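# Observations on chain architecture
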Amino acid sequence: MRLGRLRLLPTLVGVAGLAAVGLASAVPARADDALIKYNGNARDYWEHPPADWFMGDETAQQHGTHPYPGQPLPTPHDELVGLVKDNIKLAPGFHIEVLADQLDCARQLVFGSDNTLYAGCWTDHVFALKKQGDQWVSKVIIKGLRQPTGIGFYNGNLYVADIDKIYRYKDIANNLDNPKGEVVYSDFPPYTSHGWKYMVADPQAPGWFYIPVGPPCNVCLIPSGTAQYRHVNPDEGLSEVVALGQRNSVGGDVDPRTGQLWWSENARDWMGDNIPSDKLNHLTKYGEHFGYPYCHQGDIPDPKYAMGHKCSEFTPPALNIGPHMAPLGMKFYNGNSFPAEYRNNIFLAEHGGWNQFTHTGAQIVRIQADPDGKNVTQQPFAWGWIKDNKYWGRPADVAINPMDGSLVVADDQAGAIYRIWYDAKQ
């Protein structure tokens, strides 16, 4: 079993942890270990974060929930196939297979117009995967970036989000062997903590993307330009702020029925195993504030940073997903191969958190909602990536396969991409 086999990474990457990196489990601390304390409001902390910056306000109650550092090695193919077969449970009629493996850090997924599948990565590179016969063949096409987890595609071009900028790779399908990147947007904050991105294409405004900007702390009085969602046109170098008060979003999509943005949000740590809940948010008008750092899960004032604010001042979540689920990538299903009742449902990848003793998440949930954001419900769709309270896999993103309507899933713990399809007769 490979659950504990890890490779350490440079301090620049750190432990992204938290909701966003491929961390295996919590490392128990000795009872006599001192609690870790940092001043999360300090500029030096934002600009030069320690490797364990997320431990800035450790509590005695959860002392011991330290994530492992580094990115796991990919699971060997035969072992991975066995783990999937023996552990993953699915809704009736659905099936799962390993589409590709040996990918050391697959995060956001996006299909190009020629059906090439691109995968952002937690460390410094981007993958391209092409189907050759019955196999998907992967290769690294871009190297040397900083946490390029967020990627997008428009008009034949691949866009990759670095910490403080976006690169454009023109005509990427014809330049996979030697893509040339150019900076087209450079107005993000420079902070590496919660600096990774996710790019949500806006079909209502082709060429524009919704992109979250996280604050460089667990919870703090945020520096300007962070804890927000932006609407960005990389080709023109333009942006506008559309939402405030989001802590750490690494997933979102636009509802095809309304053109409105929905996104997942990871709540703060160190309040307990069972609070606060992570969230699914629904933006109905530009300028809404979703509560961070003053209020969590819509109804819990922050014990330190509420500072007189009431939760009623802010837009409540459309759905409280659950504590430490670490919801990441999500998509509205617009394919044609799933049963009709799945049309326009949200498929959400839950990465699984670290700041709790009994782990949760590490699954894909199906979320149903009315177009106006009412009557929101969720249910498990694919689960079983936790074994003996350890993550052997951690879903990080989902995408709709344009070739057959199946769901592809990135797993940055096992280093794999899965394919989930529907066939009631199998």
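Because the structure is a prediction, the values reported are computed rather than measured.

### A short note on the nonpolar core
Most often, soluble globular proteins keep nonpolar side chains buried together rather than apart. Grouped together as the largest cluster of nonpolar side chains are 48 residues, with contacts concentrated most on Leu109, Leu129 and Ile417. Among residues more than four places away in sequence, those in contact with Ile417 are Glu97, Val98, Leu99, Ala100, Leu103, Ala106, Leu109, Leu117, Leu129, Val408, Val409 and Ala410. Core analysis: the second largest hydrophobic core is formed by 29 residues, Phe347, Phe381, Ala382 and Val409 among them.

### Quick notes on the state of the cysteines
Summed over the entire model, instances satisfying the criterion amount to three disulfides. With its sulfur 1.5 Å from that of its partner, Cys105 forms a disulfide with Cys121. Of note, the bridge from Cys105 to Cys121 carries an S-S torsion of about -45 degrees and is left-handed in sense. Taken together, the residues span a long stretch of sequence, with Cys105 in the loop between strand 6 (94-100) and strand 7 (106-111) and Cys121 in strand 8 (residues 117-121) at a distance of 16 residues. Judged by its relative accessible area of 0%, Cys105 falls in the buried class. Residue Cys121 is classed as buried on the basis of its relative accessible area of 0%. Paired by a disulfide, Cys295 and Cys311 hold their sulfur atoms 2.1 Å apart. Around the S-S axis, the bridge from Cys295 to Cys311 shows a dihedral of about 110 degrees and counts as right-handed. You can see Cys295 sitting in strand 23 (residues 295-296) and its partner Cys311 sitting in the loop between strand 24 (300-301) and strand 25 (319-323), a full 16 residues away along the chain.

### A word on empty space enclosed by the protein
In this structure the tally under the stated criterion is five cavities of 30 Å³ or more. Glu265, Ala267, Lys279, His296 and Gln297 are the residues nearest the centre of the second largest cavity, which is lined by 15 residues in total. For the lining of the second largest cavity, the secondary structure elements donating two or more residues are strand 21 (277-282) and strand 23. Top contributing element to the lining of the second largest cavity by residue count: strand 21, with three residues.

Criteria and cut-off values
Residues numbered from 1 in each chain as written. Predicted model: local features only at pLDDT ≥ 70, side-chain atom pairs only at ≥ 80, totals over all residues. Heavy atoms only, no water. Core = buried A, V, L, I, M, F, W, Y, C linked by side-chain atoms within 4.5 Å. Buried < 20%, exposed > 50% of the residue type's maximum accessible area, 1.4 Å probe, protein only. Contact = heavy atoms within 4.5 Å. Disulfide = S-S within 2.5 Å. Helix = DSSP H or I, 4+ residues; strand = E, 2+ residues; numbered from the N terminus. 1 Å grid on protein atoms, 1.4 Å probe; cavity = no way out; pocket = protein on both sides within 12 Å on 5 of 7 lines; lining within 4 Å. Points joined across faces, edges and corners; volume = space filled by probe spheres on them.

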